[in-house]
Amino acid sequence: MTVQHYLKNGFEPGIEKDTQLLYVSEADQTQANYPSLLHLHTDRLELVYVYDGEGIHRIGNNLYSVKAGNLSVFNCNVLHDEMASPDVGMSFFNCAVRGIKIKGLPENHLLADNINPVLQCGDNSGFIENIFRQMKFQLAENKNGAETVCQYLTEALLCIITRQIPLEVINKDNGENELIIQVKEYIDKHYFEKLTFSRMCKIMHISESFLSHKFKKITGFSPIQYITRRRIGKAQSSLISSDVSITDIGAEVGYDSTSYFNMIFKKTVEMAPLEYRRYWIGGEQYRKLDALNHCRI
C-alpha cells in the first residue's frame, strides 16, 4: 500500500531565501594533517562535518573534541581552527554560506552564542554526509545546473541543523578566566602590530609569570604562540582567497621580512606559503595567481 505524507499547513521555513553557498571542500586525512590555524570570517559562516577520524576544534574561547558524525558551526566573526588527531587523523567536509538571517540572531549566525557549536548529528549523519558529497560532486563535475542543485541542498542542510538536531546549552565561564579572555581579545585585535610579551603585560597591567601560566592553561598556547597562530591563520585565509603577493600577506599579518615570514609559516604549517597556496587552490586557478604574483613574491 502506498502512503502519501503531506506537509503541515502553514509551516514556516525559518531561514530566509537569500542564503548563498560560497564553496564546498573535502579534506581527507592527508590534507587534514596540515592545520588550519586561528582565523575568522566577517561575511559568512562555515560548517564542518567530520565523517571519519577525530580531532580538536577551537571555537571562540573553547576547545571541543570532534569525531565522525559531528558537525561544527563557525558563526560569522567567531575565531576557529581545526586540528586532526595525530594518532587517527580526521576527514571532513567544509562549506561556507552567507546571507543567513534567523530571527533573533545576527546575520550569518546559525546558532546563539550559548549553544554548543559542535552538534551530534545522530540519525541525520548519513543524510548530512550525502548532502555534502552531492554538493561537492555537482560542483567538481560541473554538472548542468550544479549551482541551483547545491543551493537547494544548502537550504535543506540548514533546515536539518536548525530543526532536527538537538541543541545543547553551554554555560559560559565568567570567573577567573575573564581576564585571560580579555587578553586574548586584545591579541585578536592587535596581533598584526609589533606586539611583544612584555609590552602586552604592561598594557594589560599583568605580571609576565601570571599571564604566561594562566594563558597557556586556558588556551593551550603561550601568548607568543597564540599571536603566531593568529598571524599564520590570517595568512592562510589570504593565500587561498586572494591574489595578494606573499610579501604583502606577510606584511599584512605583522612580518616585515618575507624570509622570516616564510620560515615561521613553514615551521607552523609544514609547508611554505607558496606551496600552501598551490596545494589548496591547485590547477588553473593557481597558474593564474602565479602569473599575477611572479614578479611580486
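The structure presented is a predicted model; accordingly, all values stated were derived computationally and were not measured.

A.B. asks: Any chance you could explain the overall build of the chain here in plain terms?
C.D. replies: In terms of regular secondary structure, the chain is built from eleven helices and eight strands. Buried residues in the chain amount to 46% of all 297 residues. Considering only contacts in the chain between residues 6 or more positions apart, those separated by 24 or more positions represent 71%. Carbon and sulfur atoms form 50% of the exposed surface of the chain, whose accessible area is close to 16100 Å².

A.B. asks: I tried to follow the nonpolar core on my own but got confused; where do I start?
C.D. replies: The nonpolar side chains of soluble globular proteins are, as a tendency, buried together. Grouped together as the largest cluster of nonpolar side chains are 29 residues, with contacts concentrated most on L47, L71, L110, I128, F132, M135 and L157. Of all the secondary-structure elements, those providing two or more residues to this core are β1 (20-27), β3 (45-59), β5 (70-74), β7 (90-98), α2 (125-140) and α3 (146-163). Once you skip the residues sitting within four places of it in the chain, M135 turns out to touch L21, V24, C150, L153, T154 and L157. Listed in part, the 18 residues of the second largest apolar core include I180, Y186, Y191 and L211.

A.B. asks: Looking at this structure, I do not really get the pattern of salt bridges. What am I missing?
C.D. replies: Two side chains bearing opposite charge may form a pair once their charged atoms approach each other closely. A complete count under the given rule lists ten salt bridges for this structure. The partner of D43 in a salt bridge is R44, with the nearest N and O atoms 2.9 Å apart. The closest approach of N and O atoms between D188 and R230, which form a salt bridge, is 3.1 Å. One end of the pair, D188, is in helix α4 (residues 178-190); the other, R230, is in helix α7 (residues 223-241), with 42 residues separating them in the sequence. This pair shows no difference in class: D188 is buried, exactly as R230 is. Here the salt bridges do not stand alone but share partners, grouping E26, E129, R133 and K136 into one network.

A.B. asks: So what exactly am I meant to see when it comes to helix α5 (residues 197-204) here?
C.D. replies: Counting along an α-helix, one turn takes 3.6 residues, and residues three or four places apart therefore face a common direction. If you check which residues of α5 are buried, you get F197, M200, C201 and M204. When α5 is viewed along its axis, its buried side chains cluster within an angular range of 100° and face the same direction. Those residues of α5 hidden inside the fold are in contact with α4, α6 (208-219) and α7. Following α5 by one or two positions, H205 has its phi on the positive side, about 55°.

A.B. asks: Would you mind showing me how to read the confidence of the model for the chain here?
C.D. replies: If pLDDT is low for a region, its predicted coordinates should not be looked at in detail. Scored by pLDDT, the chain comes out at a mean of 84, with 85% of its residues at no less than 70. When mean pLDDT is compared element by element in the chain, β5 scores highest at 97, while helix α11 (residues 283-293) scores lowest at 44. Across residues 283-297 the pLDDT falls below 50, and counting only partners more than four positions away or on other chains, this stretch makes 19 contacts in the model.

A.B. asks: Explain the environment of E129 to me, please; I cannot follow it from the model alone.
C.D. replies: Relative to the helices and strands, E129 is located in helix α2. Here the alpha-carbon distance between E129 and L157, two residues 28 residues apart in the chain, equals 9.9 Å.

A.B. asks: Sorry if this is basic, but what is going on with the packing of aromatic side chains here?
C.D. replies: Aromatic ring pairs are described here by two measures, namely the spacing of the ring centres and the angle between the planes. Under the definition given, this model contains nine aromatic pairs. Joined through ring pairs, the aromatic side chains of Y255, Y260, F261, F265 and Y276 make up one cluster. Residue placement shows R133 over the ring face of Y51; its charged tip is 4.8 Å from the ring centre.

A.B. asks: Would you mind showing me how to read the environment of P106 here?
C.D. replies: Tracing the backbone through its elements, the reader meets P106 in the loop between β7 and β8 (118-120). In this structure P106 comes out as partly exposed when scored by relative accessible area, which is 47%. With 31 residues separating them in the primary sequence, P106 and N75 have C-alpha atoms 9.4 Å apart.

A.B. asks: Where do I start with unusual backbone geometry in this structure?
C.D. replies: Across the chain, the bulk of peptide bonds are trans and the bulk of non-glycine residues have phi less than zero. Positive phi, normally seen in glycine, also occurs at N77, with a value near 65°. Secondary-structure assignment places N77 in the loop between β5 and β6 (80-84). According to the relative accessible area criterion, N77 is partly exposed, its value standing at 45%. Its identity as a non-glycine residue notwithstanding, E270 has a phi of 75°, on the positive side. Within the element layout of this structure, E270 appears in the loop between α9 (258-269) and α10 (273-281). Residue class for E270 comes out exposed when judged on its relative accessible area of 58%.

Criteria and thresholds
Residues numbered from 1 in each chain as written. Predicted model: local features only at pLDDT ≥ 70, side-chain atom pairs only at ≥ 80, totals over all residues. Heavy atoms only, no water. Helix = DSSP H or I, 4+ residues; strand = E, 2+ residues; numbered from the N terminus. Buried < 20%, exposed > 50% of the residue type's maximum accessible area, 1.4 Å probe, protein only. Contact = heavy atoms within 4.5 Å. Areas by Shrake-Rupley, 256 points an atom, 1.4 Å probe, with all protein chains shown as cover. Core = buried A, V, L, I, M, F, W, Y, C linked by side-chain atoms within 4.5 Å. Salt bridge = Lys/Arg side-chain N within 4 Å of Asp/Glu carboxyl O. Arc of directions from axis to C-beta. pLDDT = per-residue confidence, 0-100. Phe/Tyr/Trp six-rings, centres within 6.5 Å; stacked < 30°, edge-to-face > 60°. Lys NZ or Arg CZ within 6 Å of the ring centre and 35° of its normal.

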